[in-house]
Amino acid sequence: MEEKMVHLAADAVDHRGSPADKCKTGGWLPASLILGVEFCERLSTMGIVVNLVTYLIGIMHLPSAASANIVTDFMGTCFLLSLLGGFLADSFLGRYRTIAIFASVQTLGTGMLALSTRLPQFRPPPCHAQSTTICAQASASQMAMLYASLYVIALGTGGLKSSVSGFGTDQFDENDDKEKPEMNLFFGRFFFLVSLGTMVAVTVLVYVQDEIGRCLGYGICTMSMLIAILIFLAGTQKYRYKKTSGSPLIHIFQVLVAAARKRSLQVPKDANLLYEISTESLRIHHSDQFNFLDKAAIITREDYEENNIASPNPWTLCSITNVEEVKMMIRLLPTWATTITFWATHAQMITFSIEQASTMDRYIGGFQIPAGSLTVFLVAAILISLAVYDLFIIPTLQYWIGKPGFTNLQRIGIGLLLSALGMAAAALAEKRRLANAKEIAQSTATQPISVFLLIPQFLLVGCGEAFIYTGQLDFFITQSPKGMKTMSTALFLTTLSLGFFLSSLLVSVVKKVTGWVGDRIDNGRLDCFYGLLAILSFINFWLFLLCAKWFRSKTTRKDLPVQRAGKGEDEC
């Protein structure tokens, strides 16, 4: 009786720790469960974020600038903590446990937030906009509960975000010619569900929060995360798991420490004298850039005496391939730095732009659009831009110049330019809104000016996000060494984090120095603040062009490792 042929996935195990059978694990079934987790996470997180500034101003009675900074600091922390999640996943927990643990943490945080909106002791007494008395701001204990809830959510979101996409791609064998295209399709579906979850959040959940109650709205966010956990655990026996291989951060520090210890040595002119143990198929050839790092690969007498040269102490001797991996990451940093400003401008779309919308006429017939739902135009612009790019721009460029679309650097540049134009449009719209505000009585809660005046800024920044997000993700993944994909993804997410923190810093400095950002936007000069952001964005775009030119001149394909994909096996 013939035994059934077992098809094993490369470098993967099943839930028992045995080599993963392709017929029984991985593929689209478990990948779909992971996509469901991401949809629920986006629904929960964005359901809180997009309407948070109206809660802080209208319910907690906080000043406009302070409310904006709370939102941007929260979002910045979410993305920054993805570094922690990535480190734990790579070094200790693995992606499966990381997702399960941090999804539970996020569920706890959203539950705390829902509870704080339900119990009156966690918010100040109500205050009407036409009231002549000063509204009492939230007390220290009330703010403590709010901060505790938000940053527990941030911890959960950061840890979850670091591993979801990676665990999804683990379900496909990149060395199998039949599964590798499915992995590329997974990225497209992943980003689509991210946008779909955001779309549902900014329409349905924002409406529930404004018209029915915050407690119910945040309660739905909590239930969404509970459903995400159940969906995720349901696929335990079907997932493929990758063993932890150590954090790339450790490998980077090892090269830096080894180079520092040998800083007095001179790098040999013949690169073949440097230490190398990688096989030819995985080797990264030596480059002449950042030569001081080559000292980490110099073989000394002490390396022979104190270590087994076949397996040396990585803190004193590193292979030239490891050194070149660090060089590749360093080359990404100038481009990385010039994309931070975009996310600072993006932060205005979920803070001040929402507050602008809350003061304007939002009626369509007898229906009033919730202020937070204006971000639906941002999401719509992203989805439309992606569709136009895939269906029209790529075929057109393929036909006329033989290239399948814009390069990743070109997409990043387009995104930066569109965001700068978006801030210019925002400045003009706010100037008109402020002029209208001065013509009417200060006691009027809603200005007789249509909220659709703000649509151009949402559309331009949304189109910019579609290009820069996909361009950044492509750039950091394809231009980084194979062993540091998680690290490069985390590096990409830090641009979002630092962009939100930059927004908070700019708001604080501008408020203190110029007073353009006041406690109420009608009493400030938000148009000047937007104009400042537009100027900074155009300057940043010019700097990006210089960095992109430098990167292209310093990077050659020979620096990249040769990666041979295996042939697909017979179907099950």
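Heads up: the structure comes first, above all this text.
As the structure is a computational prediction, the values presented were derived from the model and not from experiment.

S.K.: What should I look at first to understand the overall build of the chain in this one?
M.R.: When you go through the chain residue by residue, the secondary structure sums to 17 helices and six strands. Relative to the globule expectation of 25 Å for 572 residues, the C-alpha radius of gyration of the chain, 26 Å, shows essentially globular dimensions. For the chain, the spread of C-alpha atoms along the principal axes amounts to about 80 × 60 × 55 Å. In the chain, buried positions account for 52% of the 572 residues. Taking the contacts inside the chain whose residues are at least 6 apart along the sequence as the reference set, 81% of them involve residues at least 24 apart. Summed over all atoms, the accessible surface of the chain reaches about 25900 Å², with 63% contributed by carbon and sulfur.

S.K.: Please explain the pairing of strand β1 (residues 8-13) as it appears in this structure.
M.R.: Judged from the two bridges that link them, β1 and strand β2 (residues 19-21) form a sheet pairing that is antiparallel. Each bridged residue has a counterpart across the sheet, and for L8 the counterpart in β2 is D21. From the end of β1 to the start of β2, which pair antiparallel, there are five residues, and G17 there has a positive phi angle of about 90°.

S.K.: Looking at this model, I keep getting lost on the environment of V13. Mind explaining?
M.R.: Topologically, V13 is positioned in strand β1. Assessed through its relative accessible area of 13%, V13 is described here as buried. The spacing of V13 and P395 is 382 residues in sequence and 40 Å in space, taken between C-alpha atoms. What V13 contacts, discounting residues up to four positions off in sequence, is S18, P19, A20, Y239, R240, Y241 and K243.

S.K.: How do you make sense of the packing of helix α3 (residues 64-80) against helix α5 (residues 140-169) when you look at a structure like this?
M.R.: Two measures define how a pair of helices packs: the angle their axes make with one another and the distance between the axes. Closest axis-to-axis distance for the α3/α5 pair is 7 Å, and the angle between their directions is 30°. Remark: the crossing between α3 and α5 carries right-handed chirality. Residues I70, D73, F74, T77, C78 and F79 of α3 pack against M143, Y147, L150, Y151, I153, A154, T157, G158 and K161 of α5. Of the residues contributing to the contact of α3 with α5, the split by class is ten nonpolar, three polar and two charged.

Reading the values: the criteria
Residues numbered from 1 in each chain as written. Predicted model: local features only at pLDDT ≥ 70, side-chain atom pairs only at ≥ 80, totals over all residues. Heavy atoms only, no water. Helix = DSSP H or I, 4+ residues; strand = E, 2+ residues; numbered from the N terminus. Rg over C-alpha atoms; globule rule 2.2 N^0.38 Å. Buried < 20%, exposed > 50% of the residue type's maximum accessible area, 1.4 Å probe, protein only. Contact = heavy atoms within 4.5 Å. Areas by Shrake-Rupley, 256 points an atom, 1.4 Å probe, with all protein chains shown as cover. Pairing = 2+ DSSP bridges. Axes fitted to C-alpha atoms, helices over the stretch in contact; angles between N-to-C directions. Left-handed = near helix turned anticlockwise from the far one by under 90°. Nonpolar A, V, L, I, M, F, W, Y, C, P; charged D, E, K, R; others polar.

Remember that the coordinates give geometry; whether it matters functionally is a separate question.
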